[in-house]
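Notes for the structure review
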Amino acid sequence: MRALRHLNKYFLKYKYRLLIGLVITVIARIFSTLVPTIVGDSVDIVEKYINNDVTDISQVKNGLIINILLILGAVLISALFTFLMRQTFIVVSRFIEFDLKNEVFQHYERLSLNFYKKNRTGDLMNRISEDVSKVRMYVGPAIMYSVNTITLFVVVIGYMISIAPELTLYTVAPLPILSVSIYKLSVAIHNRSTVVQEFLSKLTTFTQESFSGITVIKAYGIEPQTNQNFTELSSTSKSKNLDLAKVQALFFPLMVLLIGFSNILVIYIGGKQYLDGTIQEIGVIVQFILYVNMLTWPVATVGWVSSIVQQAEASQVRINEFLSQEPEIVNTVTQKTPIQGNIKFKDVSFIYDDTNITALKSISFEINKGETIGIIGKTGSGKSTILDLLGRLYDVSSGVIEIDGRSITDTNLFDLRNHIGYVPQDAFLFSDSIKNNIKFGKEDATDEEVYQAAKNAVVHKNIVGFTNGYDTILGERGITLSGGQKQRVSIARAIIKDPSILLFDDCLSAVDTETEEEIMSNLGKISKDKTTFIVSHRVSTTKNADKIIVIDDGQITQQGTHNQLITEDGYYKELYLKQLDEKEI
Ligand SMILES: Nc1ncnc2c1ncn2[C@@H]1O[C@H](COP(=O)(O)OP(=O)(O)OP(=O)(O)O)[C@@H](O)[C@H]1O
């Protein structure tokens, strides 16, 4: 139960609602326990008439009619309060589920990139959906049924003992057996449904991947093999479902069996006591039969609730495990930091701690506001890492990165990121309209600003060519943009932000050289007062930069302007000549 203590703050938050729920439950149960008493009384009225203790039939009739009306009233009131009980407890559980999901999601968002690399997306999603749902079962149904059972027990058993203590003992004796059996069954159901869930998510992942990769599947003609794999997976899933159905099918028969056993005990022992005079009225036996039936479900829920609490505890442990993780990149500066864009890398080295790859080794360079720096190098040489470090997606392993003479660790993190317009290597667009994808860079941008950014990114003409123009929906249910179009929408998103620092990570690779030239000329105008980083494999993209650095295996091997570098023997000149041959320049 230790992990579940995390939820106490939410119980405190909703304490008044929970307290009201408690009072409502007690009222509901008191009214429901009145029914057996009135039924017992009715049987007594009839018994007295049969035994000739009462001879006036109209008195009997009146007594019975009053009892019927009382039963009706008690049932209606108890039903109303049972409804209100569910409304309070279950509603509170939904509130807590909502709060917990928000807490987990907001915490996920604070965590650094390393966290996402160490944990699988499926696992993150499971903890925020499946595990939170299991915890909700504890804050909702489990608490509601526990309050319900405790109230019912105190009221009913107290009353039973007061009228027939010995009979009470015999009738409640089998109930713990019921409770334990239901607990064992619930655990078995839980274990089997976990396996069913696992297969369900395997099936979902398989199907999702098959549909996403349908082009590859069709192109390679591997539909029969995919079908075969699917059949195998779904057949195992079916047999796991059948295993689950078998134990689930035992639940109600087991309950009915044990209720039946308790009823037989009441009739047998109650009957014997009536005959030997320990019990004076048959009504008591009828009353006890009704009580036993009334107690059975709550007793069964004791077992069920125990298994819910166990599952909730396990789920909360998993949730707490992530909640206790602290972000590696933290903002230590509360006051605002103005950012001009003069950047200095001083002996910067960086090692990815998950792979232990040394991506950068003692990198030093400088670039001032308004200047453009080109970064050229072979694949895997460390170019993207430089941009990631500048945006503080990771912190350097050694050395310092300075912005305007201040280390970026002493710069307000939010200001830093707000002043950066980043275009990643793999353009990521959301399943939303093109307009909203561009406005992601500046939420309050006007339509005019969106069009202007798209024009500068040379994608405006493509967008207006679509039937729905800027309102065209992208993603799974919308159209698919070409690689080059995606890259340009992604560029428009960075431009519209009007940041002090622009980071372009090889984001023109899918654009033809003519369009590239147009974009570069537009960027030249836009970025006059900005610091621009352009990572590329193409000399044509960086040739106009104020400074170009060539990276090889995490180290700067050459630096200078285009004109200087093409006269110097080295990687840059080789690349230039090769691309000149291929007419890429
Ligand atoms: N997230 C990561 N976790 C672990 N290692 C990484 C990660 N990203 C990059 N690396 C490794 O760091 C080295 C530098 O990678 P980086 O992405 O900076 O190269 P790059 O020059 O941008 O390559 P490309 O031109 O192919 O984009 C590579 O060896 C790469 O395998």
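An unreviewed UniProt entry annotates the protein as ATP-binding cassette, subfamily B of Aquimarina spongiae. Looking at the Subcellular location (unreviewed entry) heading of the UniProt record, one finds this comment for the protein: "Cell membrane".

A separate point is the overall build of the protein. Across its full length, the protein holds 20 helices and 10 strands. In terms of overall dimensions, the protein is more spread out than a globule: its C-alpha atoms have a radius of gyration of 36 Å, far above the 25 Å expected for 585 residues. Dimensions of the protein along its principal axes, counting C-alpha atoms only, are 125 × 60 × 50 Å. Here the protein holds 585 residues, and the buried ones make up 32% of them. Sequence-distant contacts in the protein: of pairs separated by 6 or more residues, those separated by 24 or more amount to 78%.

Here we come to the environment of Asp 388. Mapped onto the fold, Asp 388 is located in helix α11 (residues 383–390). A tally of 18 C-beta atoms within 10 Å means that Asp 388 is categorised as partly exposed. Spatially, the C-alpha atom of Asp 388 lies 9.5 Å from that of Tyr 422, the residues being 34 residues apart in sequence. When residues no more than four places from it in sequence are discounted, the contact partners of Asp 388 are Leu 393 and Tyr 394.

Next up on the list: the domain arrangement of the protein. According to the domain assignment, the protein consists of domain 1 (3–323) and domain 2 (428–498). Summarising the inter-unit geometry, the C-alpha centres of domain 1 and domain 2 are found 51 Å apart.

This brings us to the sheet that holds strand β1 (residues 343–352). The antiparallel open sheet is built from 4 strands, whose spatial order is β2-β1-β4-β5. Edge positions in the open sheet fall to β2 (357–367) and β5 (406–407), since each of these has one partner strand only. Both β1 and strand β4 (residues 398–403) contribute to a ladder of 5 bridges, which runs antiparallel. Residue pairing for β4: Lys 344 is matched across the bridge by Glu 402. Sheet contacts for α11: β1, β2 and β4; angle to β2, the most-contacted strand, approximately 70 degrees.

Below, the discussion takes up the UniProt feature "domain: ABC transmembrane type-1" (unreviewed entry) in the protein. Taking the numbering used here, the UniProt-annotated feature "domain: ABC transmembrane type-1" (unreviewed entry) corresponds to residues 19–311. In the segment residues 19–311, helix accounts for 92% and strand for 0%; the C-alpha atoms at its two ends are 25 Å apart.

Cut-offs used in this document
- Residues numbered from 1 in each chain as written.
- Predicted model: local features only at pLDDT ≥ 70, side-chain atom pairs only at ≥ 80, totals over all residues.
- UniProt positions renumbered as here; feature names shortened; annotations may be inferred.
- Helix = DSSP H or I, 4+ residues; strand = E, 2+ residues; numbered from the N terminus.
- Rg over C-alpha atoms; globule rule 2.2 N^0.38 Å.
- Buried ≥ 20, exposed ≤ 12 C-beta atoms within 10 Å, placed from the backbone.
- Contact = placed C-beta atoms within 7 Å.
- Domains from an automatic or database assignment.
- Pairing = 2+ DSSP bridges.
- Axes fitted to C-alpha atoms, helices over the stretch in contact; angles between N-to-C directions.

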